Amino acid sequence: MDNEMTPDAARAALLSATNTSRRLRSRARWASTKLAVFGVGIGLVTATIGLVESKLVGAAVLAGWLMLVGGMTVWERSRLVHLAGTRARITPYWIGSFAFYGVALAVGTDEKSGDLTYWLPASVVVALPMLIGALRERRA
Amino acid sequence: MSQEQDGNTGHDGGLSHPRRDLDDLLTHAVRFSIVAALAGVQRAEFAAVRDSVEISDPMLSKQVALLEKAGYVQVEKGRVGRRPRTWLSLSDDGTAAYTRHVAALRAIAGLMG
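Residues numbered from 1 in each chain as written. Chains lettered and ligands numbered in written order. Predicted model: local features only at pLDDT ≥ 70, side-chain atom pairs only at ≥ 80, totals over all residues.

Draft legend 1. Broad picture of the overall build of chain A. Within chain A, the secondary structure is distributed over five helices and one strand. Compactness check: chain A gives a C-alpha radius of gyration of 21 Å against a globular reference of 14 Å for 140 residues, more than 25% above the reference. When its C-alpha atoms are laid out on the principal axes, chain A stretches across 75 × 25 × 20 Å. A buried classification covers 27% of the 140 residues belonging to chain A. Put simply, 87% of the contacts in chain A that link residues at least 6 apart link residues at least 24 apart. (Helix = DSSP H or I, 4+ residues; strand = E, 2+ residues; numbered from the N terminus. Rg over C-alpha atoms; globule rule 2.2 N^0.38 Å. Buried ≥ 20, exposed ≤ 12 C-beta atoms within 10 Å, placed from the backbone. Contact = placed C-beta atoms within 7 Å.)

Structure, rendered in C-alpha coordinates:
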(Lines give C-alpha, C1' and ligand atoms only; values in the text may rest on other atoms or scores of the structure.)
Protein backbone atom coordinates (compact mmCIF):
# COMPACT_ATOMS: atom_id res chain seq x y z
CA MET A 1 0.00 0.00 0.00
CA ASP A 2 2.86 2.38 0.73
CA ASN A 3 3.84 2.26 -2.94
CA GLU A 4 0.45 3.84 -3.63
CA MET A 5 0.89 6.57 -1.02
CA THR A 6 0.43 9.72 -3.04
CA PRO A 7 0.56 13.19 -1.50
CA ASP A 8 -3.24 13.35 -1.64
CA ALA A 9 -3.57 9.95 0.03
CA ALA A 10 -1.10 11.03 2.72
CA ARG A 11 -3.05 14.22 3.38
CA ALA A 12 -6.29 12.24 3.57
CA ALA A 13 -4.73 9.76 6.02
CA LEU A 14 -3.45 12.59 8.23
CA LEU A 15 -6.83 14.33 8.19
CA SER A 16 -8.62 11.11 9.06
CA ALA A 17 -6.18 10.47 11.92
CA THR A 18 -6.71 13.98 13.28
CA ASN A 19 -10.49 13.57 13.20
CA THR A 20 -10.38 10.15 14.86
CA SER A 21 -8.06 11.42 17.57
CA ARG A 22 -10.31 14.44 18.15
CA ARG A 23 -13.39 12.22 18.49
CA LEU A 24 -11.77 10.08 21.17
CA ARG A 25 -10.26 13.03 23.03
CA SER A 26 -13.65 14.72 23.13
CA ARG A 27 -14.76 11.88 25.42
CA ALA A 28 -11.95 12.61 27.83
CA ARG A 29 -13.22 16.02 28.94
CA TRP A 30 -14.81 14.66 32.10
CA ALA A 31 -12.09 16.12 34.36
CA SER A 32 -13.21 19.58 33.27
CA THR A 33 -16.83 18.77 34.13
CA LYS A 34 -15.76 17.34 37.47
CA LEU A 35 -13.77 20.48 38.36
CA ALA A 36 -16.66 22.73 37.34
CA VAL A 37 -19.17 20.77 39.44
CA PHE A 38 -16.91 20.76 42.49
CA GLY A 39 -16.06 24.43 41.97
CA VAL A 40 -19.74 25.39 42.07
CA GLY A 41 -20.26 22.96 44.94
CA ILE A 42 -17.52 24.33 47.17
CA GLY A 43 -18.65 27.88 46.42
CA LEU A 44 -22.19 27.03 47.54
CA VAL A 45 -20.88 25.26 50.64
CA THR A 46 -18.79 28.32 51.55
CA ALA A 47 -21.71 30.71 51.12
CA THR A 48 -24.10 28.47 53.05
CA ILE A 49 -21.71 27.95 55.95
CA GLY A 50 -21.16 31.69 56.26
CA LEU A 51 -24.68 32.91 55.72
CA VAL A 52 -26.89 30.30 57.35
CA GLU A 53 -26.58 29.73 61.07
CA SER A 54 -28.98 26.78 61.30
CA LYS A 55 -27.21 23.59 62.33
CA LEU A 56 -29.77 21.61 60.36
CA VAL A 57 -28.86 23.44 57.17
CA GLY A 58 -25.18 22.97 57.99
CA ALA A 59 -25.71 19.24 58.34
CA ALA A 60 -27.69 19.17 55.10
CA VAL A 61 -24.89 20.99 53.28
CA LEU A 62 -22.34 18.53 54.64
CA ALA A 63 -24.53 15.61 53.58
CA GLY A 64 -24.99 17.16 50.15
CA TRP A 65 -21.25 17.62 49.77
CA LEU A 66 -20.58 14.01 50.75
CA MET A 67 -23.23 12.83 48.29
CA LEU A 68 -21.63 14.94 45.58
CA VAL A 69 -18.20 13.46 46.30
CA GLY A 70 -19.64 9.93 46.27
CA GLY A 71 -21.64 10.49 43.11
CA MET A 72 -18.77 12.08 41.24
CA THR A 73 -16.41 9.28 42.28
CA VAL A 74 -18.77 6.68 40.83
CA TRP A 75 -19.27 8.82 37.72
CA GLU A 76 -15.51 9.23 37.26
CA ARG A 77 -14.95 5.48 37.48
CA SER A 78 -17.36 4.98 34.60
CA ARG A 79 -15.45 7.30 32.23
CA LEU A 80 -14.08 5.45 29.22
CA VAL A 81 -11.25 7.70 28.06
CA HIS A 82 -8.42 9.20 30.11
CA LEU A 83 -5.98 11.89 29.07
CA ALA A 84 -2.36 11.70 30.16
CA GLY A 85 -1.39 13.95 33.05
CA THR A 86 -4.91 14.84 34.16
CA ARG A 87 -4.19 14.46 37.87
CA ALA A 88 -1.06 16.59 37.71
CA ARG A 89 -2.89 19.31 35.79
CA ILE A 90 -5.94 19.56 38.03
CA THR A 91 -4.35 19.08 41.47
CA PRO A 92 -3.15 22.72 41.81
CA TYR A 93 -6.72 23.97 41.25
CA TRP A 94 -8.05 21.66 43.98
CA ILE A 95 -5.33 22.89 46.34
CA GLY A 96 -6.11 26.50 45.41
CA SER A 97 -9.83 26.22 46.11
CA PHE A 98 -9.38 24.36 49.38
CA ALA A 99 -6.69 26.81 50.51
CA PHE A 100 -9.04 29.76 49.86
CA TYR A 101 -11.82 27.81 51.58
CA GLY A 102 -9.66 27.41 54.69
CA VAL A 103 -8.72 31.09 54.70
CA ALA A 104 -12.33 32.19 54.14
CA LEU A 105 -13.50 30.11 57.09
CA ALA A 106 -10.59 31.10 59.31
CA VAL A 107 -11.18 34.81 58.70
CA GLY A 108 -14.95 34.90 58.55
CA THR A 109 -16.48 32.21 60.72
CA ASP A 110 -16.56 34.20 63.95
CA GLU A 111 -16.45 37.86 62.91
CA LYS A 112 -18.32 37.86 59.61
CA SER A 113 -21.08 35.37 60.21
CA GLY A 114 -24.11 36.25 58.10
CA ASP A 115 -22.28 39.11 56.37
CA LEU A 116 -23.35 38.96 52.73
CA THR A 117 -20.64 41.40 51.63
CA TYR A 118 -17.99 39.02 52.93
CA TRP A 119 -19.37 35.57 52.19
CA LEU A 120 -20.59 36.11 48.64
CA PRO A 121 -17.21 37.38 47.35
CA ALA A 122 -15.50 34.74 49.48
CA SER A 123 -17.55 31.96 47.91
CA VAL A 124 -16.66 33.23 44.43
CA VAL A 125 -12.95 33.39 45.32
CA VAL A 126 -13.12 29.86 46.72
CA ALA A 127 -14.82 28.53 43.57
CA LEU A 128 -12.58 30.44 41.16
CA PRO A 129 -9.48 28.17 41.08
CA MET A 130 -11.59 25.11 40.24
CA LEU A 131 -13.62 26.99 37.64
CA ILE A 132 -10.44 28.31 36.00
CA GLY A 133 -9.06 24.77 36.11
CA ALA A 134 -12.22 23.49 34.44
CA LEU A 135 -11.82 25.96 31.59
CA ARG A 136 -8.15 25.14 31.12
CA GLU A 137 -8.76 21.39 31.29
CA ARG A 138 -11.41 21.77 28.60
CA ARG A 139 -8.63 22.87 26.26
CA ALA A 140 -6.05 20.30 27.41
CA MET B 1 8.64 -1.37 9.46
CA SER B 2 8.67 -0.52 5.82
CA GLN B 3 12.10 -1.51 4.64
CA GLU B 4 11.09 -2.92 1.26
CA GLN B 5 13.12 -2.16 -1.78
CA ASP B 6 11.98 0.99 -3.41
CA GLY B 7 12.13 -0.20 -7.01
CA ASN B 8 13.89 3.00 -8.03
CA THR B 9 17.35 1.89 -7.05
CA GLY B 10 18.84 3.44 -10.15
CA HIS B 11 17.61 6.81 -8.99
CA ASP B 12 19.86 8.73 -6.63
CA GLY B 13 17.03 9.94 -4.44
CA GLY B 14 15.12 6.63 -4.39
CA LEU B 15 16.52 5.31 -1.13
CA SER B 16 15.69 8.45 0.82
CA HIS B 17 12.08 8.79 -0.25
CA PRO B 18 9.91 9.33 2.83
CA ARG B 19 7.69 6.36 1.93
CA ARG B 20 10.56 4.17 3.16
CA ASP B 21 9.77 5.45 6.64
CA LEU B 22 6.14 4.40 6.49
CA ASP B 23 5.30 1.64 8.91
CA ASP B 24 3.90 -1.44 7.15
CA LEU B 25 1.47 -2.15 9.96
CA LEU B 26 0.16 1.40 10.03
CA THR B 27 -0.39 1.74 6.30
CA HIS B 28 -3.63 -0.15 6.97
CA ALA B 29 -6.21 2.62 7.39
CA VAL B 30 -8.07 1.06 10.31
CA ARG B 31 -4.93 0.24 12.26
CA PHE B 32 -3.62 3.75 11.65
CA SER B 33 -6.88 5.20 12.93
CA ILE B 34 -6.75 3.04 16.07
CA VAL B 35 -3.19 4.08 16.81
CA ALA B 36 -3.95 7.74 15.99
CA ALA B 37 -6.87 7.68 18.41
CA LEU B 38 -4.80 6.11 21.18
CA ALA B 39 -1.89 8.49 20.57
CA GLY B 40 -3.99 11.36 21.89
CA VAL B 41 -4.96 9.76 25.19
CA GLN B 42 -3.41 7.89 28.10
CA ARG B 43 -5.84 4.98 27.76
CA ALA B 44 -9.27 4.31 26.36
CA GLU B 45 -11.87 1.62 26.79
CA PHE B 46 -12.50 -0.76 23.90
CA ALA B 47 -16.02 0.57 23.22
CA ALA B 48 -14.87 4.19 23.08
CA VAL B 49 -12.16 3.32 20.54
CA ARG B 50 -14.65 1.29 18.52
CA ASP B 51 -17.06 4.23 18.39
CA SER B 52 -14.37 6.78 17.54
CA VAL B 53 -12.87 4.69 14.75
CA GLU B 54 -16.37 3.67 13.62
CA ILE B 55 -15.76 -0.04 13.19
CA SER B 56 -17.32 -3.23 14.54
CA ASP B 57 -16.24 -5.11 17.67
CA PRO B 58 -14.74 -8.04 15.70
CA MET B 59 -12.81 -5.72 13.41
CA LEU B 60 -11.38 -3.81 16.36
CA SER B 61 -10.51 -7.05 18.16
CA LYS B 62 -8.72 -8.38 15.11
CA GLN B 63 -6.70 -5.21 14.49
CA VAL B 64 -5.88 -4.71 18.16
CA ALA B 65 -4.59 -8.28 18.33
CA LEU B 66 -2.21 -7.52 15.46
CA LEU B 67 -1.09 -4.26 17.05
CA GLU B 68 -0.62 -5.97 20.42
CA LYS B 69 1.42 -8.74 18.80
CA ALA B 70 3.66 -6.09 17.23
CA GLY B 71 4.09 -4.46 20.63
CA TYR B 72 2.36 -1.25 19.58
CA VAL B 73 -0.73 -1.49 21.77
CA GLN B 74 -1.14 -2.67 25.35
CA VAL B 75 -4.36 -4.40 26.37
CA GLU B 76 -5.48 -4.50 29.98
CA LYS B 77 -8.62 -6.25 31.12
CA GLY B 78 -10.39 -5.24 34.29
CA ARG B 79 -13.74 -4.49 35.87
CA VAL B 80 -15.57 -1.39 36.97
CA GLY B 81 -18.15 -2.65 39.42
CA ARG B 82 -19.67 -5.64 37.70
CA ARG B 83 -18.87 -4.42 34.21
CA PRO B 84 -15.90 -5.90 32.39
CA ARG B 85 -13.65 -3.33 30.80
CA THR B 86 -10.89 -3.70 28.22
CA TRP B 87 -8.45 -0.81 28.32
CA LEU B 88 -6.27 -0.01 25.32
CA SER B 89 -3.17 2.15 25.37
CA LEU B 90 -0.26 2.88 23.07
CA SER B 91 3.11 1.43 24.12
CA ASP B 92 6.37 3.35 23.78
CA ASP B 93 7.15 1.35 20.64
CA GLY B 94 3.70 2.19 19.28
CA THR B 95 4.18 5.87 20.01
CA ALA B 96 7.56 5.86 18.27
CA ALA B 97 6.18 4.00 15.24
CA TYR B 98 3.20 6.36 15.03
CA THR B 99 5.44 9.43 15.24
CA ARG B 100 7.70 8.10 12.46
CA HIS B 101 4.72 7.16 10.32
CA VAL B 102 3.08 10.57 10.70
CA ALA B 103 6.37 12.31 9.90
CA ALA B 104 6.66 10.21 6.73
CA LEU B 105 3.07 11.00 5.74
CA ARG B 106 3.68 14.70 6.31
CA ALA B 107 6.79 14.53 4.17
CA ILE B 108 4.92 12.75 1.37
CA ALA B 109 2.07 15.26 1.66
CA GLY B 110 4.56 18.09 1.43
CA LEU B 111 3.65 19.43 4.85
CA MET B 112 7.15 19.45 6.33
CA GLY B 113 8.67 22.74 7.43
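Draft legend 2. Spotlight on the sheet that holds strand S1 (residues 43-45) of chain B. Ordered in space as S1(A)-S1(B)-S3(B)-S2(B), the four strands form an open sheet in which the pairing is antiparallel. Lying at the two open borders of the sheet, with one neighbouring strand each, are strand S1 (81-82) of chain A together with strand S2 (73-80) of chain B. Inspection of the sheet shows S1(B) paired to strand S3 (residues 83-90) of chain B by two bridges, in the antiparallel sense. Bridged to Glu45(B) within S3(B) is Trp87(B). (Pairing = 2+ DSSP bridges.)

Draft legend 3. Quick peek at the environment of Arg138(A). Residues and elements named next belong to chain A. Mapping Arg 138 onto the fold places it in helix H5 (residues 116-138). Residues Arg 138 and Phe 100 lie 38 residues apart in sequence; the distance between their C-alpha atoms is 23 Å. If we skip the residues at most four places from it in the chain, Arg 138 touches Arg 29 and Ser 32.

Draft legend 4. Focus on helix H2 (residues 46-53) of chain B. The set of residues buried in H2(B) consists of Ala48(B), Val49(B), Arg50(B), Ser52(B) and Val53(B). Looking at the packing, one finds that the buried side of H2(B) touches helix H1 (7-25) and S1 of chain A together with helix H1 (29-39), S1, helix H3 (57-69) and S3 of chain B. Count one or two residues on from H2(B) and you reach Glu54(B), which has phi positive near 65 degrees.

Draft legend 5. Fine view of the packing of helix H2 (residues 30-51) of chain A against helix H4 (residues 86-108) of chain A. Residue and element names in this part refer to chain A. Relative orientation of the contacting elements H2 and H4 amounts to 5 degrees, with a least axis distance of 11 Å. Relative to H4, H2 is oriented roughly parallel. Two secondary-structure elements touch here, H2 through Ala 31, Leu 35, Gly 39, Ile 42, Thr 46, Ile 49 and Gly 50 and H4 through Thr 86, Ile 90, Tyr 93, Ser 97, Tyr 101, Ala 104, Leu 105 and Gly 108. Counted by class, the contact of H2 with H4 contains nine nonpolar, six polar and no charged residues. (Axes fitted to C-alpha atoms, helices over the stretch in contact; angles between N-to-C directions. Parallel < 35°, antiparallel > 145°, perpendicular 65-115°, else oblique. Nonpolar A, V, L, I, M, F, W, Y, C, P; charged D, E, K, R; others polar.)

Draft legend 6. Highlighting the nonpolar core. Counting residues in each nonpolar core, the largest one holds 35 residues, and the members touching the most others are Ile34(B), Val35(B), Ala37(B), Leu38(B), Ala44(B) and Val49(B). If you list the elements that add at least two residues to this core, you get H1 of chain A together with H1, H2, H3, S3 and helix H4 (92-109) of chain B. In terms of residues, this core owes the most to one element, H4(B), which gives seven residues. Other than its neighbours up to four places away in sequence, Ile34(B) contacts Val49(B), Val53(B), Gln63(B), Val64(B) and Leu67(B). (Core = buried A, V, L, I, M, F, W, Y, C linked by C-beta atoms within 7 Å.)

Draft legend 7. The arrangement of the interface of chain A and chain B in detail. In this assembly, 24 residues from chain A lie in contact with 27 residues from chain B. Looking at the side of chain A that touches chain B, the elements with two or more residues in it are H1 and S1 of chain A. Tallying contributions element by element places H1(A) first for the side of chain A that touches chain B, with twelve residues. As judged from the two bridges shared by S1(A) and S1(B), these two strands associate in the antiparallel manner. Residue pairing for S1(B): Val81(A) is matched across the bridge by Ala44(B).

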